[in-house]
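# Geometric and topological summary
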Amino acid sequence: LLEAEQVGIASFDELNDRFLAWLERYLNVRVHSGTGESPRERYAKGTFRQAEPELLRQAFLWSARRRVAKTATLSFQGNEYQVDPALCGRQVELRYRPEDLAQLEVWFQERQYGFATPLVIERHVHPMAPPPPRPALLPTDIDYLGQVLFDHDVEQTGSIDYRDLIQPEEDDQ
């Protein structure tokens, strides 16, 4: 983004042209260490599948175990929550996003028992959650995306010799 702003890319179409050039010239042709194939080769074989959105969401949740008190409450990261009274005395699994401790999914024996109701929230973010993004970097005055687009265009069109532009007259033949 910093580079795009620096060189004055004015539209998404212009940015997309450079991005697609980068995809075709660099990303899709490099061999992936895990598959031993480039994305282009793998895609051509059709050996990919779409992830289900719900499975993808669940894959990135964090998890912790807590015992539910006789009052149908539990404590987690300094916060107090109320849960289903049927879970009193049982150890439950809490699934959550570390950036939002106000929403905890409550699971017991691989079945979801809804969400824990926050009673007292002292901490909104898990202490081990990744820090917020770093501040923007300073410009480098290097137009990397422009060079990628230029290299891509040269590869696609090839070089043109001046003699190829001049058409011979019939007398010259």
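Residues numbered from 1 in each chain as written. Predicted model: local features only at pLDDT ≥ 70, side-chain atom pairs only at ≥ 80, totals over all residues. Heavy atoms only, no water.

### With respect to the pairing of strand S4 (residues 91-97)
Our working definition: Relative accessibility thresholds used throughout: buried, under 20% of the residue-type maximum; exposed, over 50%; partly exposed, between the two (1.4 Å probe, protein chains only). A helix here means a DSSP run of H or I that spans at least four residues, while a strand means a run of E at least two residues long, and both kinds are numbered starting from the N terminus. Any two strands with at least two DSSP-identified bridges between them are counted as paired.
Of all 7 residues that make up S4, 5 are buried, and the element is covered over most of its length. Looking at chain direction, strand S1 (residues 62-67) and S4 are connected through 6 bridges and run antiparallel. Its bridge partner being in S4, Ser-63 is matched across the sheet by Arg-95. With 5 bridges joining them, S4 and strand S5 (residues 100-108) adopt antiparallel strand pairing. Within S5, the residue paired with Leu-94 across the bridge is Val-106.

### What about the sheet that holds S1?
Strand pairing within a sheet occurs via backbone hydrogen bonds; the two strands may be parallel or antiparallel. Cut-off, in case you're wondering: Think of each axis as a best-fit line through the C-alpha atoms, taken over the contacting stretch in the case of a helix, with angles from 0 to 180 degrees between the N-to-C directions.
With respect to topology, 6 strands assemble into an open sheet ordered S1-S4-S5-S6-S3-S2, the strand pairing being antiparallel. Among the strands making up the open sheet, the edge pair consists of S1 and strand S2 (73-76). Between one strand axis and the next, the sheet turns by 35 degrees as a mean value, whatever way the strands run.

### Focus: the packing of aromatic side chains
Aromatic ring pairs are described here by two measures, namely the spacing of the ring centres and the angle between the planes. Selection criterion: Paired rings are identified among Phe, Tyr and Trp, the last through its six-membered ring, by centres lying within 6.5 Å, and are further divided according to the angle between planes into stacked (under 30 degrees), edge-to-face (over 60) and tilted (the rest). Charge-over-ring placement is defined geometrically: NZ (Lys) or CZ (Arg) within 6 Å of the ring centre, and within 35 degrees of the ring normal.
A full pass over the atoms with the stated rule returns 5 aromatic pairs. Between Trp-62 and Tyr-96, the aromatic rings sit 6.3 Å apart at their centres with planes inclined by 65 degrees, giving edge-to-face as the arrangement. With a gap of 34 residues between them, Trp-62 in strand S1 and Tyr-96 in strand S4 connect regions that are remote in the sequence. A residue is classified by how much of its surface remains accessible, and Trp-62, at 29% relative accessible area, is partly exposed. With a relative accessible area of 3%, Tyr-96 lands in the buried category. Each residue in the set Trp-62, Phe-76 and Tyr-96 is aromatic and connected to the rest through ring pairs, giving one cluster. The lysine or arginine in question, Arg-95, covers the ring of Trp-107, its NZ or CZ lying 3.8 Å from the ring centre.

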